[in-house]
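A closer look at the structure
If you want the building blocks of each chain, they are given just below.
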Amino acid sequence: MKLPAYPLITVDPFFSIWSKSDKLYDSDTALWCGLKKRMKGTIQIDGKNYRFMGLGDEYIIPQTALEITPYITVYTFENADFTLKVKFWTPLLFDNLYDLSLPCSFIEYKIQFGDDKKHQVSVSLSMHEEFCYNIRKSTAKEIVSLPCGKAAKMGRTTQKPIYKSGDAVAADWGYFYIFGGNPCINKNSISAVQHAEIKGKSSLFHIVAFDDIYSIEYMGVKYKGLWTEKHKSIEAAIQYCLKNKKDLYGRIKKQNKMVLNDAEEFGKDYCSILTTAARQVLAAHKLFRSCKGDLLYFSKECNSNGCINTVDVTYPAIPMFLLYRPELVRAMLTGIFEFAGTAAWKNRFAPHDIGQYPIANGQVYGLNRLYYHRKKELYKIKKNVLNPACHMPIEECGNMLITAYAYYRITNDSTQLKEYYRLLKKWADYLTDCGVVLENQLCTDDFAGHSEKNVNLAIKSIMGIACFSKISEALGIKTDCFEIAKHNAEKLISLSETKGGYLSFSIGNENSWSLKYNLVWDILFGFDLFGNELYKNEISQYKKMMNPYGTPLDYRKDFTKTDWMLWASCLDSTTETTKSFSECIVKYLEATNDKNCFTDWYDTVKASECGFNHRSVQAGLWMPVLKNRLMK
């Protein structure tokens, strides 16, 4: 499978390392955003050195194969004398949240010879000191002892965890480790060398790890990753990974199979795009527990301003998490609920975010420049410091109501609904007051600019009101919200239905159209507010407007969003549209000249990225699977 970039180490936004070339030795490895984070891999066979990863002067072993599955990347290198397989995987396991949050990753090597002689083999892995900083700083390196052996360690000589935030940046704090064989300290790097005498075939491995010291600052308090509840130190975590390597790998293989089995019904192209998205989604998050005991799972809005726990990033991401670990959806919502309940948030509608990664101290989207220097204490400021033009009031209210109900619908857990019912009601009342002819404002597709009388946004409002009716019903509270949602749906159809039977992009613009991805909940939740005939007409229009690499987001531009294409495909009662949209996305991945992680925003004519990569919104590509599960 040809991709713009290939996942190697995928732990979190500060430890997500990719190869941006089809051959592992044709480029230096890099952080997801392109910052050089050089790993070099060499193998010595009977005194002769070969390079298989990163740039250098050594002889290369020709790469002959590359296999990508959702959670495992395997490269094959061969010459006349031996074959080397290099496997990259991280225990991103939904079945155990401590394992999911582990900051450790494996690189395995399988060496096989074509003769029966004994061979002296050494596999070396090095990490450049640039892993330790965003901009060059002095670093310290040492050999440390673990119960299971020794490891090479490096980090800045001065450590100041979470003292700044940003988007396309690396951490300026924390310590990196390589374990496996003999550790070495070099001038600008650390390395570890595995030695073995091999006859026939054998396997070796390295473990790489990142101890960030503290992971997130939330409401003024610095928190460590969830893994620290189980492992008292990074050394203990490495020891755990070593001891349980076989079990961890067996479970990640099982998770691989689960994802591919779920995707199989929608065709090989759909399997390919889920494979491409799976690891970057999880590596765009951080998992921890607050001092109140609440599990919190915060995303970084990678490559689109770096906001943390963005509501309209959570909303498109929920399908995968609802399927495989719904508890994480609740953990995404809690931080927004808590911030919205502080004196710093005075609006009737829901916030957009709670900071910029890794600092979650209050909304920064639309922040007045006069307050940039106070980003670390926004949750304390009780005056309005945000630009009203940057708010997404309908968008975020609808997102919170729909997501909160979706979590309840899957789990039957109403505790969060009870705790934050007052906020949910306030947001539902706001949507009710706004009606369906909406004022000029932003939606989640803010890159397309403001729009007024936006029909898809009005649909989200209707879905949010309907969801609130079901939330109230679950808590034994009577409302007339479902009747309001039904009335609004009928009104919206009468105002925006075109001659083709689909709904326009905006009320009053008969010649416009757009992907109505927010309609998917009408089907999944069985609301039946819009009807099958409308869905058929929408799908028919999407097919008419399809370009070589997909259907645009709306009539104004040729660009699209991968997540919204797959959501819109679910309006089809068959799998046909999901399959055809998936084929378009795979064609884009194969045709594009961009060398970045899987973007969710690209041009459907030119096969060029418009921006955004490594974003967790790609978890929304699981919507057809979620629909399948809920329909059954």
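Please refer to the structure higher up on the page.
A brief look at the structure comes next. (Residues numbered from 1 in each chain as written. Predicted model: local features only at pLDDT ≥ 70, side-chain atom pairs only at ≥ 80, totals over all residues. Heavy atoms only, no water.)

**Overview of the overall build of the protein chain**
Secondary structure assignment for the protein chain yields 16 helices and 25 strands. For the protein chain, whose C-alpha radius of gyration is 25 Å, the value lies close to the compact-globule estimate of 26 Å for 632 residues. Counting every position in the protein chain, which comprises 632 residues, the buried fraction comes to 63%. For the protein chain, restricting intrachain contacts to residue pairs at least 6 apart in sequence, the fraction spanning at least 24 positions comes to 68%. (Helix = DSSP H or I, 4+ residues; strand = E, 2+ residues; numbered from the N terminus. Rg over C-alpha atoms; globule rule 2.2 N^0.38 Å. Buried < 20%, exposed > 50% of the residue type's maximum accessible area, 1.4 Å probe, protein only. Contact = heavy atoms within 4.5 Å.)

**A short note on the sheet that holds strand β25 (residues 609–611)**
Read from one edge to the other, the open sheet built from three strands follows the order β23-β24-β25, with strand pairing classed as antiparallel. Two strands lie at the open edges of the sheet, namely β23 (559–561) and β25, each paired on one side alone. Across the sheet, the mean angle from the axis of one strand to that of its neighbour is 35°, orientation sign disregarded. Relative to β25, strand β24 (residues 601–603) runs antiparallel, the two sharing two bridges. Bridge assignment links W601 to a residue of β25, and that residue is G611. (Pairing = 2+ DSSP bridges. Axes fitted to C-alpha atoms, helices over the stretch in contact; angles between N-to-C directions.)

**Section: the sheet that holds strand β1 (residues 6–10)**
Taken in spatial order, the three strands line up as β1-β2-β3 in an open sheet, and their pairing is antiparallel. Both edges of this open sheet fall to β1 and β3 (30–31), since each of them pairs with a single strand only. As defined by bridge partners, strand β2 (residues 16–19) adjoins β3 across two bridges and the pair is classed as antiparallel. Across the sheet, residue I17 finds its bridge partner in β3, namely L31.

**A closer look at the packing of aromatic side chains**
As enumerated under the stated definition, the model contains 49 aromatic pairs in all. Judged by centre distance (6.2 Å) and plane angle (50°), the rings of Y315 and W564 are tilted. Placement of the pair is Y315 in helix α5 (residues 311–324) and W564 in helix α14 (residues 562–569), with a sequence separation of 249 residues. The pair Y315 / W564 is uniform in exposure class, with both members buried. Within the aromatic cluster, the residues linked to one another by ring pairs are Y315, Y405, Y408, F482, Y517, W521, F525, F527, W564 and W567. Looking at K48, its charged tip hangs above the ring of Y59, at a distance of 4.8 Å from the centre. One Lys or Arg, K224, reaches over the ring of Y214 and ends 5.5 Å from the middle of that ring. (Phe/Tyr/Trp six-rings, centres within 6.5 Å; stacked < 30°, edge-to-face > 60°. Lys NZ or Arg CZ within 6 Å of the ring centre and 35° of its normal.)

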